[in-house]
Amino acid sequence: MSVPTIFDLCQPRQDVLAGTASDADFAADLSHVVRGSGGPAEYADPARFFANTYPTRGLKNLLANVCSRLGGGSAVSAIFRLDTSFGGGKTHGLIALVHAARGMRGVAGPEEFIDPAVLPPGDVRIAAFDGENADPANGRRMGGGVLAYTPWGEIAYA
């Protein structure tokens, strides 16, 4: 008896099969999702994001712990360390948290990822620092003439 290969068990997405997927389609940018502007729809649109995301145990635990904490119904730590190697899903997890904090609007079957009763009941203000886009030497324009030079400046602006 032979064990099936991954190629026997998995069907690639149509854009992969057609050769139309580009590297940019897989370049997640947390700042785009937090701001709600720009970036690939695969990450910006909650329905599309979760349709293309597998609900791993780690992701489900992260969503449950953070959303429980946001809703005041959990005594879990307020600080979480996302400890994975490069390409291990840290940004993907953070994007999932942004969408969950915003209520996972339009997501088909959110219970696959989290108990809907644990989702925050109201609006959650999200402040995030994305070091990829920071510019400590020249500052980063935040809007309204504000220039942020530090992570704390960017978070305070949010």
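For the structure, see preceding data.
Predicted model only: the values in this text are computed from it and were never measured.

Engineer: Outline the side chain of E42, listing residues and values.
Structural biologist: Along the polypeptide, E42 turns up in helix 4 (residues 41-44). For E42, a relative accessible area of 13% puts it in the buried group. For E42, the side chain forms a polar contact with the side chain of R48, separated by 3.0 Å.

Engineer: Requested: an account of the packing of aromatic side chains, with residues and values cited.
Structural biologist: Overall, the coordinates contain three aromatic pairs when judged by the stated rule. Aromatic side chains F49 and F50 sit 5.0 Å apart centroid to centroid with 90° between the ring planes, which places their arrangement in the edge-to-face category. When sorted by exposure, F49 lands in the same class as F50, which is buried. Seen in terms of ring centroids, F50 and F113 are 4.8 Å apart; in terms of plane orientation they differ by 65°. Their pairing is edge-to-face. On the criterion of sequence distance, the pair formed by F50 in helix 5 (residues 46-51) and F113 in the loop between helix 7 (90-101) and strand 1 (140-143) is long-range, its members being 63 residues apart. Cluster of aromatic residues (ring-pair linked, three or more members): Y43, F49, F50 and F113.

Engineer: So what about helix 6 (residues 57-70)? Which residues, and what values?
Structural biologist: Helical periodicity: at 3.6 residues per turn, an α-helix aligns residues three or four positions apart in one direction. Between its first and last C-alpha atoms helix 6 spans 20 Å; for 14 residues at 1.5 Å apiece the expected length is 20 Å, and the two agree. Among the residues of helix 6, those classed as buried are L59, L62, L63, V66, C67 and S68. Of the residues one or two after helix 6, G72 is the one with positive phi, at around 75°.

Engineer: Tell me what's going on with helix 7, and back it up with residues and numbers.
Structural biologist: For helix 7, with 12 residues, the first-to-last C-alpha span of 16 Å sits near the 16 Å given by 1.5 Å per residue. The set of residues buried in helix 7 consists of G93, I95, A96, L97, V98, H99, A100 and A101. Among the structural elements, helix 3 (30-35), helix 4, helix 5 and helix 6 are those in contact with the buried residues of helix 7. Two residues or fewer past helix 7, G103 is found with a positive phi of approximately 95°.

What counts, and at which threshold
- Residues numbered from 1 in each chain as written.
- Predicted model: local features only at pLDDT ≥ 70, side-chain atom pairs only at ≥ 80, totals over all residues.
- Heavy atoms only, no water.
- Helix = DSSP H or I, 4+ residues; strand = E, 2+ residues; numbered from the N terminus.
- Buried < 20%, exposed > 50% of the residue type's maximum accessible area, 1.4 Å probe, protein only.
- Polar contact = N/O pair within 3.5 Å; in protein donor to acceptor, adjacent residues only side chain to side chain.
- Phe/Tyr/Trp six-rings, centres within 6.5 Å; stacked < 30°, edge-to-face > 60°.
- Expected span 1.5 Å × (residues − 1).
- Contact = heavy atoms within 4.5 Å.

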